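What follows is the residue order along each chain.
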Amino acid sequence: MLADHQEYEIVVTAVAPAGAAVHADGHDGFIDQAKHPSWRSDTPRPVVGDRMRAVVLDSSRTPPRFSALPGDIRIARSLRHTEPLSRLCPPPGGGRTVKWAAVEKELGVELPADYKRLVETYGGGVFAGALWLLEPGCPDPLYDMVIQTAERGEILAELWESGEDKPSELHEGNAGLVPWGYAEGGGHYLYWLVRPGVEPEEWTVILNEGRGPLWETYPMSCSQFLLEVVAGTTTSFYFTDLDDIVTPDDRTRFEPNSRILSQ
C-alpha cells in the first residue's frame, strides 16, 4: 500500500507526452511531465528502464502520482513525521518565521527540512514535558541552537582532550555535531551527526547523556525521534521511563518557549 510522502526507488515502465508510468514496490504509478527533473533542467527525459528516487504526492489517485523533483522529495521528507506529530501533539500556535539562510550561513551547514518545519510550526519549546526543541534566536541562550552549537563544541572538545572517549561515529573524516534538542532534568543533548557528502535529511540523531560519557545513535530524523518520544514508542534508554514522571496529558502537550520563559 503506497502512502503519501513515502520515498521509493522507482522504475520507468512506459513514457508518454504527459509523463511516465512507473513501478514502485509492487505498485504502478505515474510521474507527470512537470514532476520529472527534465521539465526544468538539462536532465535527460525519462526512458523505459530508468531508475530514480521519487516520493508519493497523491496515493488516492489512479494511478498514484509520484514526483522525482528534489524539492518535492525534501518537502516529503519533512512531512513524513511532522504531520503525524502535529496530529498527536497539536501545536498551540505561535510558530516561528526564521531567516534560515542567515542561520545556516552562521552554522556553516544546511539544516534538515523537517527541523525547519518543526520550528515554523511550533517554535522552540518542550515536548512531552521533557524534551526541548532548540531554536535559533531563543531569548534564553541555553535553548538557542546556534549558541549551543558553539558552546557544546567547546565543551566536548575539552572533554575529549582530557581523555573521555569520543563516539566512534566522529572518527569518520570531518564528521561533526549540531545540537537540536535538550532533555530537561537529565541534561542529555541530542545532536545531528553531520558528515560530508550526506544530505541533511539523511543525518543521524545521536544523543549524549548529561552526566556521563555514553552515547546513543539513531538512524532517523529529529522529527521521527520526537514523534516516538511523544507516542511512547521510543527505544531510547533515556526516554523510556517518561510515563513514570509525565502525565498522559503532558505526554502529548507542547509548551512553547514564549510561554515558559515569560513565567
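Scroll up to find the structure this text is about.
Report on the accompanying structure. Given the structure is predicted, the values throughout are model-derived calculations rather than measurements.

**Notes on the pattern of salt bridges**
Right, on to step 1. For the structure on display, the rule yields 12 salt bridges.
Right, on to step 2. The partner of Arg53 in a salt bridge is Glu9, and the shortest N-O contact between them spans 3.5 Å. Of the two residues, Arg53 sits in strand 4 (residues 51-58) while Glu9 sits in strand 1 (residues 7-16), which places them 44 residues apart along the sequence.
Right, on to step 3. Of the residues examined, Glu9 reaches a relative accessible area of 39% and is grouped as partly exposed.
Right, on to step 4. Taking the shortest distance from any N to any O, the salt bridge between Glu199 and Arg77 comes out at 2.9 Å.

**Re the layout of surface pockets**
Right, on to step 1. When its volume is computed, the largest pocket comes out at roughly 230 Å³.
Right, on to step 2. What lines the largest pocket is a set of 13 residues, and nearest its centre among them are Arg80, Glu201, Glu202, Met220 and Ser221.
Right, on to step 3. At three residues, the largest contribution of residues to the lining of the largest pocket is made by helix 1 (residues 70-88).
Right, on to step 4. Among the residues forming the lining of the largest pocket, the class breakdown is three nonpolar, four polar and six charged.
Right, on to step 5. Lining the second largest pocket are Ala130, Ala183, Glu184, Gly185, Gly186, His188, Phe237, Tyr238, Phe239, Asp241, Leu242 and Ile245.
Right, on to step 6. Its residues placed into classes, the lining of the second largest pocket shows seven nonpolar, three polar and two charged.

**What about the packing of aromatic side chains?**
Right, on to step 1. All chains considered together, the criterion is met by 18 aromatic pairs.
Right, on to step 2. Relative to Phe225, the ring of Tyr218 has its centre 5.4 Å away and its plane inclined at 65°; by these criteria the two rings are edge-to-face. There is no split in this pair, since Tyr218 and Phe225 are both buried.
Right, on to step 3. Chaining the aromatic ring pairs together yields one cluster made of Trp100, Tyr115, Trp180, Trp192, Trp203, Tyr218, Phe225 and Phe239.
Right, on to step 4. Across from the ring centre of Tyr189, 4.1 Å away, lies the NZ or CZ of Arg152, which sits over that ring.

**Some thoughts on unusual backbone geometry**
Right, on to step 1. In this model, Thr62 is joined to Pro63 through a cis peptide bond whose omega is -5°.
Right, on to step 2. The phi angle at His5 is positive, at roughly 80°, despite the residue not being glycine.
Right, on to step 3. Its location among the elements puts His5 in the segment before strand 1.
Right, on to step 4. At Asp25, a position not held by glycine, the phi torsion is positive, near 50°.
Right, on to step 5. When you line up the elements, Asp25 lands in the loop between strand 2 (19-24) and strand 3 (27-32).

Cut-offs and rules
Residues numbered from 1 in each chain as written. Predicted model: local features only at pLDDT ≥ 70, side-chain atom pairs only at ≥ 80, totals over all residues. Heavy atoms only, no water. Salt bridge = Lys/Arg side-chain N within 4 Å of Asp/Glu carboxyl O. Helix = DSSP H or I, 4+ residues; strand = E, 2+ residues; numbered from the N terminus. Buried < 20%, exposed > 50% of the residue type's maximum accessible area, 1.4 Å probe, protein only. 1 Å grid on protein atoms, 1.4 Å probe; cavity = no way out; pocket = protein on both sides within 12 Å on 5 of 7 lines; lining within 4 Å. Points joined across faces, edges and corners; volume = space filled by probe spheres on them. Nonpolar A, V, L, I, M, F, W, Y, C, P; charged D, E, K, R; others polar. Phe/Tyr/Trp six-rings, centres within 6.5 Å; stacked < 30°, edge-to-face > 60°. Lys NZ or Arg CZ within 6 Å of the ring centre and 35° of its normal.

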